Protein chains: 2
Amino acid sequence: MTDPLKSGATIGILGGGQLGRMLSVAAARLGYKTHIFEPGAAPPAAEVAHRLTTAAYDDVAALTAFADSVDVITYEFENIPTEALDLLEALRPIRPGRRALAISQDRIAEKDFLTGLGLSVAPYARVTTRADLDVALANIGTPAILKTTRLGYDGKGQARIMEAGDAAEALEAMNGAEAVLEGFIDFSHEVSVIAARGLDGSVAAYDPGENVHHAGILHSTTVPAKLSPNQRSDAVLIAARILNALDYVGVLGVELFVTPKGLIVNEIAPRVHNSGHWTQNGCAVDQFEQHIRAVAGLPLGDGSRFADVTMENLIGDDIARIPALLAERNTALHMYGKPEARRGRKMGHVNRITRGIA
Amino acid sequence: MTDPLKSGATIGILGGGQLGRMLSVAAARLGYKTHIFEPGAAPPAAEVAHRLTTAAYDDVAALTAFADSVDVITYEFENIPTEALDLLEALRPIRPGRRALAISQDRIAEKDFLTGLGLSVAPYARVTTRADLDVALANIGTPAILKTTRLGYDGKGQARIMEAGDAAEALEAMNGAEAVLEGFIDFSHEVSVIAARGLDGSVAAYDPGENVHHAGILHSTTVPAKLSPNQRSDAVLIAARILNALDYVGVLGVELFVTPKGLIVNEIAPRVHNSGHWTQNGCAVDQFEQHIRAVAGLPLGDGSRFADVTMENLIGDDIARIPALLAERNTALHMYGKPEARRGRKMGHVNRITRGIA
């Protein structure tokens, strides 16, 4: 299928969290229906989606019926089991494609891919045994961080090694999973580029945002980021190089460390990204619509920014601040409809428009 | 109920058209679910709502079950049968309240109410017989316009009387329904104010927009409107006077004619309004969220405008222009998910951001 998806067509979304929810709203805005596939109960996306399938990723009948009911498949998270993808891919196009998923599911594959493109990443080494770790620490030095190669996000499956003596405990925290040791980067701040590639190969990027993390979880993203004009165009060119190399279709998030020696890629996410939520209140076409446009084979939207924005995540008990946030001037609240505010759980976010610009 | 609606509560919406659809999305953004009540099949709002009841307005069992399933009731159109409202009102709060509905369902009641507030309206007279019409024409003169007092919108149930000889045909077009003759106003342009009143009595208004109609249907709304500072504050004060007099809760649309002698009220709509769609891309809190905030008992949002915007309706065959509109810079498309593009049918709209402002 290379023609644009017809109005009224259905986009299947794997995953029913907040990203799926905001993708569903964007799809509706473009005249499409969505069908959410999600193992968990009462997923946030279901409240604004046309249809929901509640089933596990190894339920062949449910996956088949899901694929049969949709015109194209996309996803809101990268850790989809390979067998499910094999089944779905035989029935409907999956966008972004398998290569982006394979790379982003494995930190080592990702870093090998990025360095293969000539991009800079933190020094890294594969670690499965204590001997591997000792060699890696000798080469990379401390401080360093040990991460499982798969299924890690928001600071989970990670252990810092401040000095050689921390090695044993860090390795234990990996629970026997394959890991990667990453050297620390001396960076001044982190930015991310949210970029998109259409079915026709065209590329568009939003202005990079500056990220602040608290306890390993994104706290806020601010546009404009502190970047020189050269750094800004470098950031966008890095994203474009990745998109083209992957023959990518959809929105991609690229996290970059800003260092005196240039930009270093931290990680990539083959999906809409928390650090791109500011686009909902700063651009005519937000990242969610941009992703749906790409997946549907529509022309990419103009990503021009017409406002300065700061996005702030509302995590766990932050929801107690909602009454005050509702009363704030030029602040847009985006809640995810999650029933329970657990510690570390992303409940919503706010976009504060700090300045309208020409 | 005067406490704010709790997160996860359900708002019942009477009517499943595009206004209900955009209200549902706004409710979700605030963490609420929606339940749509709509007699017609496949309503646009259902695709983004938590729940849909398909039933007629005289289906007592369906209305009762609907009311029982929701925490508060609002509506996207004013012509809800009185009996249905009587039943629902006994079970759940209806916001905005019955008085606003009664007034806006009857052009004469509306004009009597507005003149009672000291506001200017076009000269008008009640017409049921030919004798009434002759007296009215003698007093008001031509050109004039004859409208049914009830159930008229978008130019339906209206007949122009350019000279006395048109009277018979115009009266015939009323099909025996009670009508009102309105004198023509010599106005330079039409503006509308979208304003809101909270459960706590606070009032907020958006910057007035300037409307252009084609064939009796709204074509476009542009902010800022051509208004002097005095006219701008008059417009907002008129809306506030109406909201307070009705002890109103929710968003209200007020259409105003701009004349050399001041602002004249054309009509009011006790709901979100087509001429307020620009707020989706010009304000942090759009009219749909503002309405949900009011109905839910939350504080009203800040209606500050951070951009100049022109909203243009996409009607019938206008959907052929979608590929070109998708490629436009700084243009946001909002489709309603209607399967068939019939003549005169509102299929979607675009908001063009023409300038970001401080």
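Residues numbered from 1 in each chain as written. Chains lettered and ligands numbered in written order. Predicted model: local features only at pLDDT ≥ 70, side-chain atom pairs only at ≥ 80, totals over all residues. Heavy atoms only, no water.

Going by an unreviewed UniProt entry, chain A carries the name N5-carboxyaminoimidazole ribonucleotide synthase and comes from Pseudorhodobacter turbinis. Heading Pathway (unreviewed entry) of the UniProt record for chain A holds this comment: "Purine metabolism; IMP biosynthesis via de novo pathway; 5-amino-1-(5-phospho-D-ribosyl)imidazole-4-carboxylate from 5-amino-1-(5-phospho-D-ribosyl)imidazole (N5-CAIR route): step 1/2." UniProt lists a comment for chain A under the heading Subunit (unreviewed entry), and it reads "Homodimer." (UniProt positions renumbered as here; feature names shortened; annotations may be inferred.)

1. Some thoughts on the overall build of chain A
Secondary structure summary: chain A contains 10 helices and 17 strands in total. The C-alpha atoms of chain A give a radius of gyration of 20 Å, which matches the 21 Å a tight globule of 358 residues would have. Counting across all 358 residues of chain A, residues that qualify as buried make up 59%. Looking at chain A as shown, the accessible area adds up to about 13700 Å², and 51% of this sits on carbon and sulfur atoms. Distance between charge centroids for chain A: 5 Å, based on 34 positive and 42 negative side chains. (Helix = DSSP H or I, 4+ residues; strand = E, 2+ residues; numbered from the N terminus. Rg over C-alpha atoms; globule rule 2.2 N^0.38 Å. Buried < 20%, exposed > 50% of the residue type's maximum accessible area, 1.4 Å probe, protein only. Areas by Shrake-Rupley, 256 points an atom, 1.4 Å probe, with all protein chains shown as cover. Lys, Arg positive; Asp, Glu negative; His and termini not counted. Charge placed at Lys NZ, Arg CZ, Asp CG, Glu CD.)

2. Looking at the packing of helix α1 (residues 18-29) of chain A against helix α9 (residues 287-295) of chain A
Packed helices, taken two at a time, are described by their axes: the angle between them and the distance between them. All names here are of chain A. Contact geometry of α1 with α9 gives a least axis separation of 8 Å together with a crossing angle of 65 degrees. With respect to each other, α1 and α9 are oriented roughly perpendicular. Remark: the crossing between α1 and α9 carries right-handed chirality. Where α1 approaches α9, its residues L19, M22, L23, A26, A27 and R29 are matched on the opposing element by F288, E289, H291 and I292. Its residues placed into classes, the contact of α1 with α9 shows seven nonpolar, one polar and two charged. (Axes fitted to C-alpha atoms, helices over the stretch in contact; angles between N-to-C directions. Parallel < 35°, antiparallel > 145°, perpendicular 65-115°, else oblique. Left-handed = near helix turned anticlockwise from the far one by under 90°. Contact = heavy atoms within 4.5 Å. Nonpolar A, V, L, I, M, F, W, Y, C, P; charged D, E, K, R; others polar.)

3. Considering the interface of chain A and chain B
Opposite the 39 residues of chain A that make contact, chain B presents 39 residues. The three residues of chain A that bury the most area against chain B are E47, F306 and L326 of chain A, which together make up 20% of that side's buried surface. Between chain A and chain B we count four salt bridges in total. The closest approach of N and O atoms between K33 of chain B and E47 of chain A, which form a salt bridge, is 3.8 Å. Where chain A touches chain B, the interface holds 12 residue pairs in polar contact (both at pLDDT 80 or more). (Buried area = accessible area lost by both parts, 1.4 Å probe. Salt bridge = Lys/Arg side-chain N within 4 Å of Asp/Glu carboxyl O. Polar contact = N/O pair within 3.5 Å; in protein donor to acceptor, adjacent residues only side chain to side chain.)

4. Brief notes about the nonpolar core
I11 and Y32 of chain A together with I11 and Y32 of chain B are the most contacted members of the largest nonpolar core, which totals 100 residues. What I11 of chain A contacts, discounting residues up to four positions off in sequence, is L5, A27, Y32, K33, T34, H35, V70, V72, T74, I292 and V295 of chain A. (Core = buried A, V, L, I, M, F, W, Y, C linked by side-chain atoms within 4.5 Å.)

5. As for the packing of α1 of chain A against helix α1 (residues 18-29) of chain B
Contact geometry of α1 of chain A with α1 of chain B gives a least axis separation of 12 Å together with a crossing angle of 165 degrees. With respect to α1 of chain B, the axis of α1 of chain A lies roughly antiparallel. The two elements α1 of chain A and α1 of chain B meet at a crossing, and its hand is left-handed. Side by side, α1 of chain A and α1 of chain B meet where R21, V25, A28 and R29 of chain A of the first sit next to R21, V25, A28 and R29 of chain B of the second.

6. Topic: the pattern of salt bridges
Scanning the model with the defined rule gives 52 salt bridges over all chains in all. Linking R355 of chain B and D308 of chain B is a salt bridge whose minimum nitrogen-to-oxygen distance equals 3.0 Å. Separated by 47 residues along the polypeptide, R355 of chain B in strand β17 (residues 346-356) and D308 of chain B in strand β15 (residues 307-315) bring together distant segments of the chain. Connected via shared salt-bridge partners are D207, R232, R305, D308 and R355 of chain A.

7. A look at the relation of the copies chain A and chain B
Of the transformation superimposing chain A on chain B, the axial component is 0.0 Å and the angular component is 180 degrees, with the fit at an RMSD of 0.0 Å. Expressed as an axis order, the relation between the two copies is that of a two-fold axis. Closest to the rotation axis within chain A is the C-alpha of V48 of chain A, separated from it by 1.9 Å. An overlap of 100% is found between the interface residues of chain A and their copies at the interface of chain B, pointing to a shared contact surface. (Least-squares fit on C-alpha atoms with pLDDT ≥ 70 in both.)

8. Quick word on the sheet that holds strand β3 (residues 51-54) of chain B
Residues and elements named next belong to chain B. Strands sit in the order β3-β2-β1-β4 across an open sheet of four strands; the sheet is parallel. For this open sheet the edge positions go to β3 and β4 (72-75), each flanked by a neighbour on one side alone. Between one strand and the next, the sheet's axes are offset by a mean angle of 25 degrees, whatever the strand orientation. The strands touched by helix α2 (residues 60-69) within the sheet are β1 (10-14), β2 (33-38), β3 and β4, with β2 carrying the most contacts at an inclination of about 170 degrees. Across the face of the sheet, helix α9 (residues 287-295) comes into contact with β1 and β4 while running at roughly 145 degrees to β4. (Pairing = 2+ DSSP bridges.)

9. Here's the deal with α1 of chain B
Residue and element names in this part refer to chain B. With 12 residues, α1 extends 17 Å from end C-alpha to end C-alpha; this agrees with the ideal 16 Å at 1.5 Å per step. Across the 12 residues of α1, 12 count as buried, placing the element largely inside the fold. By the burial criterion, the buried members of α1 are Q18, L19, G20, R21, M22, L23, S24, V25, A26, A27, A28 and R29. Two residues or fewer after α1 comes G31, characterised by a positive phi angle close to 90 degrees. (Expected span 1.5 Å × (residues − 1).)

10. With respect to the pairing of strand β2 (residues 33-38) of chain A
Residues and elements named next belong to chain A. Burial of β2 is extensive: five of the six residues sit out of reach of the surface. Summarising the sheet, strand β1 (residues 10-14) and β2 pair through five bridges and their orientation is parallel. Note on β2: the bridge partner recorded for I11 is T34. Read from β1 through α1 to β2, the crossover connection turns out right-handed. (Right-handed = clockwise from strand over helix to strand, strands pointing away.)

11. Details of the sheet that holds strand β7 (residues 158-161) of chain A
Residues and elements named next belong to chain A. Spatial ordering of the open sheet is given by β5-β8-β6-β7, a layout of four strands whose pairing is antiparallel. Strands at the two margins of the open sheet, each flanked by one partner only, are β5 (124-127) and β7. Strand-to-strand, the axes of this sheet are offset by a mean angle of 25 degrees, without reference to chain direction. With four bridges joining them, β5 and strand β8 (residues 179-183) adopt antiparallel strand pairing. Bridge pairing in β8 places A125 opposite L181. Strands in contact with helix α5 (residues 107-116) are β5, β6 (144-148), β7 and β8; relative to β8, the strand with the most contacts, it is inclined by about 50 degrees. Across the face of the sheet, helix α6 (residues 130-140) comes into contact with β5, β6, β7 and β8 while running at roughly 170 degrees to β5.

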